[in-house]
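Descriptive analysis of the structure
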Amino acid sequence: MSDRVVVAGAVYDQGRLLAARRSAPPELAGRWELPGGKLEPGESGEQALVRELREELGVETEPLERIPGEWPLGPGYVLQVWTARLVSGVPAPLQDHDELRWLGPGEGDEIDWLDQDRPAVAEAMRRLPAG
Ligand code: CDP
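Figured I'd write up the structure that's included with this text. Keep in mind that what you see is a predicted model, and the values were worked out from it rather than measured. (Residues numbered from 1 in each chain as written. Predicted model: local features only at pLDDT ≥ 70, side-chain atom pairs only at ≥ 80, totals over all residues. Heavy atoms only, no water.)

1. What to know about the site of the ligand
Taken together, 17 residues surround the ligand, and among them Leu28, Leu34, Lys38, Gln116 and Asp117 come closest. Between Gly36 and the ligand, the recorded distance is 3.3 Å, taken from a backbone N or O atom to an oxygen atom. The contact in question runs from an oxygen atom of the ligand to an N or O atom on the backbone of Lys38, over 2.8 Å. Its free accessible area being 530 Å², the ligand has 79% of it covered by the protein chains. Counting only elements with at least two residues in the shell around the ligand, the list comes to β1 (4-13), β4 (36-38) and α1 (45-57). At 3 residues, the largest contribution of residues to the shell around the ligand is made by β4. Of the residues contributing to the shell around the ligand, the split by class is 7 nonpolar, 3 polar and 7 charged. (Near = heavy atom within 4 Å. Polar contact = N/O pair within 3.5 Å; in protein donor to acceptor, adjacent residues only side chain to side chain. Areas by Shrake-Rupley, 256 points an atom, 1.4 Å probe, with all protein chains shown as cover. Helix = DSSP H or I, 4+ residues; strand = E, 2+ residues; numbered from the N terminus. Nonpolar A, V, L, I, M, F, W, Y, C, P; charged D, E, K, R; others polar.)

Set out below in structure tokens:
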């Protein structure tokens, strides 16, 4: 059995990276993540990412590229991350999150990221487009 995939987005706008603080479940609440969720049957990673960011944040995004690698999330799940561009809308914490933050250059270490997100976040900050 292959692992199930959770996709997450390193969403960029105006030279900053979007971070989202989880409100649930209790063991993850208060930690920051790249927003995303589980791939549904028949979806590509890019399709799942666009859907999850629409559901969770109310925005339209365009996936740019996959950050190489995947990271274990505990039994049966792996995390894959894409960079993405904000196309329209203003992100709002509609589900799963209680706060959002835009991080500029050098601000990637200012928040308490979920451990499993850290390698992808470091890569995403390195790829931050110019504002
Ligand atoms: O929204 P959905 O139920 O599809 O998924 P989720 O609850 O947002 O994420 C599924 C699992 O992946 C949870 O255990 C999250 O903590 C984990 N996850 C993560 O570790 N890092 C992310 N950037 C996104 C999700």
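2. A word on the side chain of Asp117
Summarising the element assignment, Asp117 is placed in the loop between β7 (97-103) and α2 (118-126). For the buried Asp117, no salt bridge is present, and the opposite-charge side chain at shortest range is Arg22, 8.0 Å distant. Separated by 2.9 Å, the side chain of Asp117 and the backbone nitrogen of Leu34 make a polar contact. Those residues in contact with Asp117, other than ones at most four positions away along the chain, are Glu33, Leu34 and Leu79. (Buried < 20%, exposed > 50% of the residue type's maximum accessible area, 1.4 Å probe, protein only. Lys, Arg positive; Asp, Glu negative; His and termini not counted. Salt bridge = Lys/Arg side-chain N within 4 Å of Asp/Glu carboxyl O. Contact = heavy atoms within 4.5 Å.)

3. Some thoughts on the nonpolar core
Soluble, globular proteins show a tendency: their nonpolar side chains are buried together. Ranked by internal contacts, the top residues of the largest apolar core, which has 20 residues, are Leu17, Leu34, Val81 and Trp113. Contributions of two or more residues to this core are made by β1, β2 (16-22), β5 (60-72), β6 (77-88) and α2. In this structure, Val81 is in contact with Ala8, Ala10, Leu34, Glu65, Arg66, Ile67, Trp71 and Ala120, ignoring residues within four places of it in sequence. Leu49, Leu57, Val78 and Trp82 belong to the second-largest nonpolar core, a separate cluster that totals 13 residues. (Core = buried A, V, L, I, M, F, W, Y, C linked by side-chain atoms within 4.5 Å.)

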